[in-house]
Amino acid sequence: MGKWLLGITFAASVGLAGGSTLVPLNYVSKKESGLAFVPAFGCGAMIFSPLVAALWFSYTNEWPPLHLRETLWAGILSGTLWNASNICAIISIPAITYSVAYPMLQCALFVAGLWGIFAFREIQGDAVYVFFTAGAVLISGAICLALNAR
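Residues numbered from 1 in each chain as written. Predicted model: local features only at pLDDT ≥ 70, side-chain atom pairs only at ≥ 80, totals over all residues. Heavy atoms only, no water.

### Here's the deal with the layout of surface pockets
The cut-off we apply is this: Definitions used throughout: a 1 Å grid over protein atoms alone; a cavity as a set of points that fits a 1.4 Å probe which cannot get out; a pocket as an open set with protein on both sides within 12 Å along at least five of seven lines; a lining residue as one with an atom within 4 Å of a point. Grid points are joined across faces, edges and corners, and a volume is the space filled by probe spheres set on the points. Labels follow the DSSP assignment, with helices taken as runs of H or I lasting at least four residues and strands as runs of E lasting at least two, numbered in each case from the N terminus. When residues are grouped by polarity, Ala, Val, Leu, Ile, Met, Phe, Trp, Tyr, Cys and Pro land in nonpolar, Asp, Glu, Lys and Arg in charged, and all others, Gly among them, in polar.
Of the volumes computed, that of the largest pocket is approximately 920 Å³. Forming the boundary of the largest pocket are 23 residues, of which Gly18, Thr21, Trp82, Asn86 and Tyr102 lie nearest the centre. Those elements that provide at least two residues to the lining of the largest pocket are helix 1 (3-20), helix 2 (38-60), helix 3 (68-96), helix 4 (98-105) and helix 5 (108-119). Considering each element in turn, the lining of the largest pocket owes the most residues, 7 residues, to helix 2. Residues belonging to the lining of the largest pocket are distributed by class as follows: 14 nonpolar, 9 polar and no charged. Within this model, the second largest pocket holds a volume of roughly 330 Å³. In terms of lining, the second largest pocket is formed by 13 residues, of which the most central are Met46, Ser49, Gly75, Ile76 and Gly79.

By themselves, these figures tell us nothing about what the structure is for.
Okay, structure coming up:
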């Protein structure tokens, strides 16, 4: 499989899994959902993350050095931000419903793109205009959903 196709496949997998992350909340009683769900959610991430990484490293036969002294702080900060956003999502869903909250939560894509443009210079030239046009559509859709849910 070519590098590009592999990248597309894994990116699509992220979309599928990420878009389904909070679906299991609908299959537990109201008493066990919400913030009561967070510790189990964190345990799942803590167990599965190293397992998936080990499987990938085994598959590629490339075991990179971990450099924990240099990377641990950044990983903990990233994980904290990720979990804080998940907690906010869990709180928002009962308030405005999953079908309204989750598309609004996808505005995180726009924020990630802004980092890519301004901090990391990953997007340049005409692609910046395409990005901002798509971002305007994304944010407009989120606003329309929010206004329609009232």
